[in-house]
Amino acid sequence: MSTAPTRMLEPHTPLYLDTPPHVITEGSGIEVRDAEGRWYVDGVAGLWSVTLGYSEPRLVRAATEQMNRLPFYGSFNHRTNDVALALAADVAEISPIPMGRVFFGNSGSDANDSAIKFARYYHWAQGRPERRKIISHHCGYHGTTLAAGSATGLSHIHHGFGLAGDDFLSAHCPDPLHPASRGMSEEEQVDWLVRDFENLVLETGPETVAAFISEPILGAGGLIIPPAGYFARIQEVLDRHGILFIADEVITGYGRTGQMFATTALGLRPDIITSAKGLSSSYLPISATLVGERVSEVLAEGSRQIGTFGHGFTYSGHPVAAAVARETLAIVRERDIPGHVCEVAPHLARGLEKFRGAELVRDVRHYGLLGGVQFDPEQAGAEPGRLGQEVLEAAKQRGLLLRAMGDTVVFAPPLIITPGQVDEVLERFTAAYDDVLASRRRQ
Ligand code: PMP
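Because the structure is predicted, anything quoted here is derived from the model rather than measured.

Rules used in this analysis
The residue count restarts for each chain, going from 1 along the sequence in the order it is written. With pLDDT at 70 or above as the cut-off, local features in this predicted model cover only qualifying residues; side-chain atom pairs require 80 or more to be listed or tallied, and sums for whole chains, interfaces and linings still use all residues. For side-chain calculations, the full set of non-hydrogen atoms in the structure is used, while hydrogens and water are omitted. Every case where a carboxyl oxygen of Asp or Glu lies within 4 Å of a side-chain nitrogen of Lys or Arg is listed as a salt bridge. Each helix is a run of DSSP H or I of at least 4 residues and each strand a run of E of at least 2, with the numbering of both proceeding from the N terminus. The contact rule is simple, with two residues in contact once any of their heavy atoms fall within 4.5 Å. Relative accessibility under 20% of the residue-type maximum defines a buried residue, over 50% an exposed one, and the middle range a partly exposed one, all with a 1.4 Å probe and only protein chains included. The definition of a polar contact used here is a pair of N or O atoms within 3.5 Å, where within protein one atom must be able to donate a hydrogen and the other to accept one, and adjacent residues in sequence count solely through side-chain atom pairs. What makes a residue near a molecule or strand is one non-hydrogen atom of that residue sitting within 4 Å of it. Using the Shrake-Rupley algorithm and a 1.4 Å probe, accessible areas are obtained, with residue cover drawn only from the displayed protein chains. Only when DSSP finds a minimum of two bridges between them are two strands counted as paired. Structural elements are reduced to axes, namely lines fitted to C-alpha atoms, with helices fitted over the stretch in contact, and the angle between N-to-C directions of any two is expressed from 0 to 180 degrees.

Chemist: Explain the pattern of salt bridges here, please?
Modeler: Two side chains bearing opposite charge may form a pair once their charged atoms approach each other closely. Taken as a whole, this structure holds 22 salt bridges when the rule is applied. The partner of Arg240 in a salt bridge is Glu198, with the nearest N and O atoms 2.9 Å apart. Here Arg240 is found in helix H8 (residues 230–241), whereas its partner Glu198 is found in helix H7 (residues 186–204), with 42 residues between them in sequence. The partner of Asp271 in a salt bridge is Arg294, and the shortest N-O contact between them spans 2.7 Å. One end of the pair, Asp271, is in the loop between helix H9 (262–265) and strand S9 (272–275); the other, Arg294, is in helix H10 (residues 293–306), with 23 residues separating them in the sequence.

Dropping the structure here:
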């Protein structure tokens, strides 16, 4: 007999908890209300994803109108719907790489599974079926399905599920605070990371590697911003060995970095880009896998050998999700959301920088509307992860929802946040920090 307080198998949650979950029932602007009637500023935009906030009427209207006109038609067997086709053209217009085609799915995980399959198909179509392996980072997060979960470099995602295995290899986390690179200059760190990356490729055999997948800024691994020049040097290794580059822009896509894509912000040259979350401001599930021209052409050639392209989901290009995504992109472009992010981000950065060197704090990081304050359990004599949880709980008490990745508390507010609202987030965070500090000093 189950004693759980809920019948839902809650994702990313310890299933043995005997307390009820925190239930959110309503949202408005950048705030959400819980079942007890308390309002919170949402410092993490749901799951880094509600870029336009919780009450954008144009998105509601787009969904309603499309529901009335055509609630569903799929995209298999060369029959599709007008909205999916129009969204593909919209995405092509803003793509930061010369895009051949875009594939639509429903989640970040399935976008990454698709990208991994496309990379293998690309090599197979050119007579190299042994190029199957995927390289990712130890602290990278790409989802939880079989392939994306295997590429994710966080062990709790693998345990018990039989993920990872021989086809998935992990390179060092490009973390400037990596213990093995302590004391190195930024340049030396890049040299070390790149040397290690190329050794990994050489040891496993370049002729067996299909692709490297990475987030431009690593989110769920603890907001890791790779050292300057890292990706350019990795790209040289990839080019040397004929390995494709998949940029996972599920968090960074559609404005969060102050550019439409982090690919542009960081000068990356990916062959495939995966995206989801901000594509529809999360009002409905939809993902887009942007396939570069060269790869697209080879996929088409490959499908000629089989007679079809054996990949796709019932809900690929779902017309209601596609209508909401089209409207989201229209708003992002009309209101110049990336430009707005460039204006507000320095505000968040300045506020977070005040915590650099503060008691209990190990590091402060930020890029666009992404921020992280890493706490130091050693200073506090606390177990790893404990301080992150304490700050999170204190912030909740102060009316601010955040997330903690270990001891790094992350900020990823809706992109429509104003400078005044950034101040409010920072004030509440400061109060929460003071609460934790005071309680720690009492212990
Ligand atoms: N990639 C990245 C970078 C992510 O942050 C996430 C989810 N947070 C995913 C992929 C997986 O997306 P989903 O949960 O929609 O499957």
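Chemist: Before we go on, may I ask you to explain the environment of Val291 in this structure?
Modeler: Turning to its location among the elements, Val291 is positioned in strand S10 (residues 287–292). For the pair Val291 and Leu415, spaced 124 residues apart in sequence, the C-alpha separation works out to 26 Å. Every residue in contact with Val291, bar those within four places of it in the chain, is listed here: Met99, Gly100, Arg101, Phe118, Asp271, Ser296 and Leu299.

Chemist: How should the side chain of Glu56 be read in this particular structure?
Modeler: Relative to the helices and strands, Glu56 resides in the loop between helix H1 (45–48) and helix H2 (57–69). Classification of Glu56 as buried rests on a relative accessible area of 7%. Polar side-chain contacts of Glu56 include one of 3.1 Å to the backbone nitrogen of Arg58.

Chemist: Honestly, the environment of Pro413 in this entry has me stumped. Any pointers?
Modeler: Along the chain, Pro413 falls in the loop between strand S15 (408–411) and helix H15 (419–442). Linking Pro413 and Tyr141, residues 272 residues apart in sequence, is a C-alpha distance of 19 Å. With residues near it in sequence (within four places) discarded, Pro413 still touches Asp42, Gly43, Val44, Ala45, Arg256 and Leu369.

Chemist: Teacher, can you tell me more about the side chain of His123 here?
Modeler: Tracing the backbone shows His123 in helix H4 (residues 108–125). Within the structure, the side chain of His123 is placed 2.9 Å from the backbone oxygen of Ala210, a separation counted as a polar contact.

Chemist: Just to check I follow, could you spell out the site of the ligand for this structure?
Modeler: Around the ligand, a shell composed of Ser107, Gly108, Ser109, Asn112, Tyr141, His142, Gly143, Glu215, Asp248, Val250, Ile251 and Lys277 is seen. Taking Ser109, its side chain carries an N or O atom lying 2.6 Å from an oxygen atom of the ligand. Lys277 has a polar side-chain atom sitting 2.9 Å from a nitrogen atom of the ligand. Contact with the protein chains removes 81% of the 390 Å² of surface that the ligand exposes when unbound. Here the shell around the ligand gets three residues from one element, more than from any other, and that element is H4.

Chemist: I keep staring at the sheet that holds strand S11 (residues 361–367) and nothing clicks. Help me out?
Modeler: Whether parallel or antiparallel, the strands of a sheet pair through hydrogen bonds between backbone atoms. Taken in spatial order, the four strands line up as S11-S12-S15-S14 in an open sheet, and their pairing is antiparallel. With one partner strand each, in any of the chains shown, S11 and strand S14 (403–405) form the two edges of the open sheet. Between one strand axis and the next, the sheet turns by 25° as a mean value, whatever way the strands run. Relative to S14, helix H14 (residues 386–397) is tilted by about 175°, and along the sheet it contacts strand S12 (370–375), S14 and S15.

That is the geometry; function is a separate question.
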